[in-house]
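The chain contents come next:
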Amino acid sequence: MSRTKEFDEAEVLDQALELFRVRGFKHTSFSDLTGELGVSRQSLYDTYGDKQTLYQTALKRYLDRSLDGMRRKLDDPAPVRELFTGFFDALISGTCSNGSPGCLMVNSMVELAPHDAATRALAHVHAREIEGIFASRLSVAQRKGEIAQDKDPVALARFLYHTMLGFAVASRALGDRESLRVSARLALQVLG
């Protein structure tokens with residue numbers, strides 16, 4: 001007969017996600033996880049196997065949520081430049097808030113992706129998904145005449161994605177909202 005779980009997996013995963021976001025993978029021990037999450041070592045092992053699997057599961061949950069939110073924001077029929085201005089403003093405000101641990105994906109890309117194939121693979125998939133969301137929205141804007149016909153929506157999407165990554169890193173390191181907003185306005189001039 002199987003045992004009943006002693007914890008809510010979704011709740012524990014969300015707590016682990018935040019712990020990894022604040023401390024990073026390397027600075028979060030399995031003992032930290034069991035202590036902070038209030039779950040026994042054996043239960044975590046039985047559910048996730050190891051810290052790496054727990055981390056990857058938490059990261060995937062974080063990415064799914066961020067993509068859903070991004071799709072909702074960019075599905076708005078407002079003018080594309082207005083949408084991206086709001087999108088970048090929200091990104092800057094969120095990652096520059098006092099004590100914000102930043103974006104878990106960007107933190108993972110910096111900390112783990114150079115030497116961890118699983119994280120690198122997730123980063124590549126996530127990048128293509130975001131670029132796809134951006135390119136789709138930019139194509140709609142181009143058909144509406146908001147973006148010149150000679151602009152490549154895929155290249156613009158990749159540029160805006162790279163800009164977003166830069167903001168996430170700079171906001172965590174520098175925390176200067178106003179200069180990032182100025183940079184966002186400059187970056188969005190590429191839309192015409």
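Predicted model, so just to flag it, every value in this text is computed and none were measured.

Conventions adopted
- Residues numbered from 1 in each chain as written.
- Predicted model: local features only at pLDDT ≥ 70, side-chain atom pairs only at ≥ 80, totals over all residues.
- Heavy atoms only, no water.
- Axes fitted to C-alpha atoms, helices over the stretch in contact; angles between N-to-C directions.
- Helix = DSSP H or I, 4+ residues; strand = E, 2+ residues; numbered from the N terminus.
- Parallel < 35°, antiparallel > 145°, perpendicular 65-115°, else oblique.
- Contact = heavy atoms within 4.5 Å.
- Nonpolar A, V, L, I, M, F, W, Y, C, P; charged D, E, K, R; others polar.
- Salt bridge = Lys/Arg side-chain N within 4 Å of Asp/Glu carboxyl O.
- Buried < 20%, exposed > 50% of the residue type's maximum accessible area, 1.4 Å probe, protein only.
- pLDDT = per-residue confidence, 0-100.
- Expected span 1.5 Å × (residues − 1).
- Lys, Arg positive; Asp, Glu negative; His and termini not counted.

**Considerations on the packing of helix 8 (residues 153–173) against helix 9 (residues 177–188)**
When two helices pack together, their arrangement is given by the angle between the helix axes and by the axis-to-axis distance. At a minimum axis distance of 11 Å, the contact between helix 8 and helix 9 shows a crossing angle of 175°. Considered as vectors, helix 8 and helix 9 are oriented roughly antiparallel to each other. Residue-level contacts link Phe159, Leu160, Thr163, Phe167, Ala170 and Ser171 of helix 8 to Leu180, Ser183, Ala184, Ala187 and Leu188 of helix 9. Within the contact of helix 8 with helix 9, the residues separate by chemical class into eight nonpolar, three polar and no charged.

**What about the environment of Ala113?**
Mapped onto the secondary structure, Ala113 falls in the loop between helix 6 (104–111) and helix 7 (117–143). Each C-alpha atom of the pair Ala113 and His124 lies 9.8 Å from the other, and the pair is 11 residues apart in sequence. Excluding residues that lie within four positions of it along the chain, Ala113 makes contacts with Ser108, Thr119 and Arg120.

**With respect to the pattern of salt bridges**
A complete count under the given rule lists 10 salt bridges for this structure. With a closest N to O distance of 3.5 Å, Asp68 and Arg71 form a salt bridge. Of this pair, Asp68 and Arg71 both sit in helix 4 (residues 51–74), three residues apart, which is roughly one turn of that helix. Overall, Asp68 belongs to the partly exposed group, its relative accessible area being 40%. Between Arg181 and Asp89 there is a salt bridge, with the nearest N and O atoms lying 3.6 Å from each other. Taken together, the residues Arg181 in helix 9 and Asp89 in helix 5 (residues 80–96) connect sequence positions 92 residues apart. The two residues Arg181 and Asp89 agree in class, both being buried. A network of salt bridges, in which partner residues are shared, links Asp14, Arg61 and Arg65.

**Let's talk about the confidence of the model for the chain**
Atom-level detail of predicted coordinates should not be read off regions where pLDDT is low. With 95% of its residues at a pLDDT of 70 or more, the chain shows a mean pLDDT of 90. Considering each helix and strand of the chain separately, the mean pLDDT is smallest for helix 3 (residues 41–48), with a value of 88, and largest for helix 7, with 96.

**Considering helix 4**
Across its 24 residues, helix 4 extends 34 Å between first and last C-alpha, which sits within 8% of the 34 Å expected from 1.5 Å per residue. Along helix 4, the residues that are buried comprise Lys51, Leu54, Tyr55, Gln56, Ala58, Leu59, Tyr62, Leu63, Leu67, Gly69, Met70 and Leu74.

**What to know about the side chain of Arg137**
By secondary structure assignment, the location of Arg137 is in helix 7. Despite its burial, Arg137 remains without a salt bridge, the nearest opposite charge being carried by Glu146 at 5.0 Å. Each residue touching Arg137, except ones within four places of it in the same chain, is listed here: Leu74, Asp76, Pro77, Ala78, Pro79, Val80 and Leu83.

**Let's talk about the side chain of Thr34**
For Thr34, the location among the structural elements is in helix 2 (residues 30–37). Given a relative accessible area of 17%, Thr34 falls into the buried group.

**Focus: helix 7**
Compared with the 39 Å implied by 1.5 Å per residue over 27 residues, the 39 Å span of helix 7 between its first and last C-alpha is a close match. Just beyond helix 7, the residue with positive phi is Gly145, at close to 85°.

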